[in-house]
Amino acid sequence: MNSIPIRFPRRTAPGPEQRRLSSAQWTITRRISLVMSVIMLIIGVIVYGVMLFAQRADAERETQWGIDHNTIDSPPVCVWMTVERDGVISSTPGTPAGLPVRASLAAVRAGAPAMLERVKRGGEEYTVRTAWRGAEVVQAAYGERFQRADRNHLLLAFAAAEAVGLLLVALASGMLARRAMRPLSEALDRQRRFVADASHELRTPLTQLHTRAQLLVRRSGTATPQQLATDLRRLVTGTRQLGDVIDDLLLSARLSQSPGSREPVDLATLAEEAVSAEDARAQTMRLTVGLRCGPGRHVVMGTTSALRRVIAALVDNAMGHTPPGGEVVVSVDAPLPGIVSLSVRDTGVGFAPEEATRMFERFARGAAGRGRRFGLGLALAREVVESHGGRITAGGRPGQGALFTVELPAARAGETIPRQRTIASCLSAGGGRPDVSGH
């Protein structure tokens with residue numbers, strides 16, 4: 001059923017779809033970052049422009065107030081006053097070099113209207129207003145050193161905010177892009193998983209149908225009508241099960257998962273169908289495949305097609321890892337109240353005990369056994385069993401066979417199955433060998 005050793009596939013390079021998704025993610029990140037950077041730059045320009053306008057207006061108000069009210073001895077902060085009266089010019093003590101602007105004083109004194117200008121002296125900029133005040137010409141010069149310092153601090157703050165903001169926006173946009181791409185990535189993963197699952201799940205029923213069709217061809221000239229009718233009925237049953245597998249795969253491939261419908265299912269009946277379906281292949285492989293049923297009720301609540309897949313996968317794996325002349329026994333029992341157990345035991349190659357849990361991982365690949373084996377059967381079986389509220393375990397020894405056990409919650413006593421099984425359903429064997437059955 002299993003094999004030794006178990007080999008795990010190397011991590012493959014991302015496919016073209018994943019590369020396109022990754023490229024789209026980076027494109028979204030770059031574009032969001034660029035847009036946010038432009039937005040932050042525009043905001044910075046607007047704030048800087050508003051601040052510059054407010055500073056200019058403040059400078060104009062200060063100089064106008066100085067012209068109207070201040071003297072050279074009591075100017076406002078950052079304002080230097082100059083008064084010209086009767087040809088005598090007096091300035092505020094400590095007036096910077098280059099002030100006052102004598103050309104403006106002369107122009108206003110000569111009859112020009114009041115002047116407002118910005119001049120640069122000694123590396124500093126000043127807002128200068130010159131106007132008449134009574135019998136004297138007054139000039140107020142407002143130094144913009146502190147305003148320029150404030151603007152430089154604002155630019156530095158905006159540069160730091162732009163850098164930090166760009167980093168945060170890049171991180172946030174990257175996360176948002178990954179989140180936006182996640183549904184597409186999951187859809188691609190589901191698509192690849194569906195293809196892998198479909199390839200694996202269809203292999204067993206197709207192999208059964210092919211083997212049975214070959215036997216029909218061989219027996220067509222020698223078999224009795226009753227034998228041919230029996231084989232044809234089993235062929236029809238196999239095609240129906242193949243359709244169930246396809247339906248179940250399509251149902252599980254839906255993007256939005258929803259719990260499947262649950263109904264009472266008799267595990268003994270499904271086990272009997274699985275054993276009967278393998279009798280032709282068991283005969284070809286020279287194996288004994290039998291069924292044993294314990295006492296009690298073996299009804300669980302679940303999806304018939306999904307549970308049938310689990311049993312078929314376990315039986316198929318057991319046969320694939322059992323040499324000619326070996327034996328595969330499917331047992332159904334009720335070991336504890338509220339629990340229904342189904343086990344598949346084989347006399348095949350077995351496996352090391354430490355590999356019992358790893359073999360349920362997807363794509364854990366066995367080296368022994370017949371045919372190409374991609375490690376999906378046991379992983380799918382575990383998914384189905386766990387979705388039904390049960391568990392699946394494995395045990396075995398190298399060279400001493402393997403035992404897989406599925407435990408599911410039993411259905412309540414009031415829940416009945418569509419068709420009742422008879423005791424004969426637990427008396428089945430395949431491969432032309434003596435029955436391996438009992439109660």
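Residues numbered from 1 in each chain as written. Predicted model: local features only at pLDDT ≥ 70, side-chain atom pairs only at ≥ 80, totals over all residues. Heavy atoms only, no water.

Caption draft 1: Examining the overall build of the protein more closely. Scanning the protein for helices and strands turns up 8 helices and 15 strands. Taken over 439 residues, the protein has a buried fraction of 41%. For the protein, contacts bridging at least 24 residues in sequence account for 72% of all contacts bridging at least 6. By element, 60% of the accessible surface of the protein is carried by carbon and sulfur atoms, the whole surface being about 23500 Å². (Helix = DSSP H or I, 4+ residues; strand = E, 2+ residues; numbered from the N terminus. Buried < 20%, exposed > 50% of the residue type's maximum accessible area, 1.4 Å probe, protein only. Contact = heavy atoms within 4.5 Å. Areas by Shrake-Rupley, 256 points an atom, 1.4 Å probe, with all protein chains shown as cover.)

Caption draft 2: How the structure looks around the nonpolar core. Ranked by internal contacts, the top residues of the largest apolar core, which has 41 residues, are Leu267, Leu314, Leu342 and Phe404. Elements with a contribution of two residues or more to this core: helix 5 (267–277), helix 6 (279–285), strand 8 (288–293), helix 7 (304–320), strand 10 (327–333), strand 11 (339–346), helix 8 (377–387) and strand 14 (402–409). The biggest single contributor to this core is helix 7, with 8 residues. Counting residues in each nonpolar core, the second largest holds 11 residues, with Ala59, Val79, Val138 and Ala140 among its members. (Core = buried A, V, L, I, M, F, W, Y, C linked by side-chain atoms within 4.5 Å.)

Caption draft 3: The arrangement of helix 2 (residues 102–109) in detail. Those residues of helix 2 lying buried are Ser104, Leu105 and Val108. Around the axis of helix 2, the buried residues are gathered within 100° of arc, so they sit on the same side. Away from its buried face, by an angle of more than 90 degrees, helix 2 presents the exposed residues Arg102 and Ala103. Where helix 2 is buried, its residues contact strand 2 (79–85), strand 3 (88–91), strand 4 (115–121), strand 5 (124–133) and strand 6 (136–143). (Arc of directions from axis to C-beta.)

Caption draft 4: Looking closely at the pairing of strand 11. Buried residues dominate strand 11, accounting for 6 of its 8 residues. Where strand 10 and strand 11 come together, 6 bridges link them in antiparallel fashion. Counted as the bridge partner of aspartate 333 is serine 341 from strand 11. Taken together, the 8 bridges between strand 11 and strand 14 define a ladder with antiparallel strand orientation. Residue pairing for strand 14: serine 343 is matched across the bridge by threonine 405. (Pairing = 2+ DSSP bridges.)

Caption draft 5: Spotlight on unusual backbone geometry. Residues leucine 99 and proline 100 are joined by a peptide bond in cis, for which omega reads 0°. Among the structural elements, proline 100 can be located in the loop between strand 3 and helix 2. At cysteine 78, a position not held by glycine, the phi torsion is positive, near 70°.

Caption draft 6: Seen up close, the sheet that holds strand 5. The strand order 3-2-6-5-4 describes an open sheet built from 5 strands, whose pairing is antiparallel. Unpaired on one side and paired on the other, strand 3 and strand 4 mark the two borders of the sheet. With direction set aside, neighbouring strand axes in the sheet form an average angle of 20°. With respect to the sheet, helix 2 is in contact with strand 2, strand 3, strand 4, strand 5 and strand 6, its orientation differing from that of strand 5 by roughly 20°. (Axes fitted to C-alpha atoms, helices over the stretch in contact; angles between N-to-C directions.)

Caption draft 7: A look at the UniProt feature "transmembrane region" (unreviewed entry) in the protein. Within the UniProt annotation, "transmembrane region" (unreviewed entry) is assigned to residues 32–54 and 154–176. Taken as a whole, residues 32–54 contains 100% helix and 0% strand, while its terminal C-alpha atoms sit 33 Å from one another. Secondary structure within residues 154–176 divides into 100% helix and 0% strand; the distance between the first and last C-alpha atoms comes to 31 Å. (UniProt positions renumbered as here; feature names shortened; annotations may be inferred.)

Caption draft 8: Local environment of the packing of aromatic side chains. Applying the stated criterion across every chain yields a total of 2 aromatic pairs. When the ring of tryptophan 80 is compared with that of tyrosine 126, the centres are 6.2 Å apart and the planes differ by 80°; the resulting orientation is edge-to-face. In this pair, tryptophan 80 sits in strand 2 while tyrosine 126 sits in strand 5, placing the two residues 46 residues apart along the sequence. Among the residues examined, tyrosine 126 registers a relative accessible area of 6% and is labelled buried. Arranged with centres 6.4 Å apart and planes meeting at 55°, the rings of phenylalanine 351 and phenylalanine 404 form a pair that is tilted. With phenylalanine 351 in the loop between strand 11 and strand 12 (365–366) and phenylalanine 404 in strand 14, the pair connects residues that are 53 residues apart, well separated along the chain. Of the two residues examined, phenylalanine 351 and phenylalanine 404, each falls in the buried class. Looking at arginine 145, its charged tip hangs above the ring of phenylalanine 146, at a distance of 4.7 Å from the centre. (Phe/Tyr/Trp six-rings, centres within 6.5 Å; stacked < 30°, edge-to-face > 60°. Lys NZ or Arg CZ within 6 Å of the ring centre and 35° of its normal.)

Caption draft 9: Focus on helix 5. Where burial is concerned, most of helix 5 is hidden: 10 out of the 11 residues are buried. Restricting attention to buried positions, one finds in helix 5 the residues Leu267, Ala268, Thr269, Leu270, Ala271, Glu273, Ala274, Val275, Ser276 and Ala277. Measuring from the side-chain oxygen of the N-cap residue of helix 5 to the backbone nitrogen of alanine 268 gives 3.0 Å; that N-cap residue is aspartate 266. (Polar contact = N/O pair within 3.5 Å; in protein donor to acceptor, adjacent residues only side chain to side chain.)

Caption draft 10: Local environment of the pattern of salt bridges. Per the counting criterion, the structure on display carries 11 salt bridges. In this structure, the salt-bridge partner of arginine 133 is glutamate 136, at a minimum N-O distance of 3.2 Å. Among the ionic pairs, arginine 391 bridges to glutamate 407, the shortest N-O distance being 3.1 Å. Taken together, the residues arginine 391 in strand 13 (residues 391–396) and glutamate 407 in strand 14 connect sequence positions 16 residues apart. Looking at glutamate 407, the relative accessible area reads 24%, which means it is partly exposed. (Salt bridge = Lys/Arg side-chain N within 4 Å of Asp/Glu carboxyl O.)

Caption draft 11: How the structure looks around the confidence of the model for the protein. Mean pLDDT over the protein works out to 79, with 81% of the residues at or above the 70 mark. pLDDT under 50 marks residues 254–259. Its contacts with residues more than four places away, or in other chains, come to 4 contacts. For residues 367–375, every residue scores under 50 in pLDDT, and the model assigns this stretch 29 contacts once sequence neighbours within four places are set aside. (pLDDT = per-residue confidence, 0-100.)

Caption draft 12: Seen up close, the environment of alanine 334. With respect to the element layout, alanine 334 can be found in the loop between strand 10 and strand 11. Through-space distance from the C-alpha of alanine 334 to that of cysteine 293 is 9.3 Å; in sequence the pair is 41 residues apart. In contact with alanine 334, other than residues within four places in its own chain, are Pro295, Arg297, His298 and Ile339.

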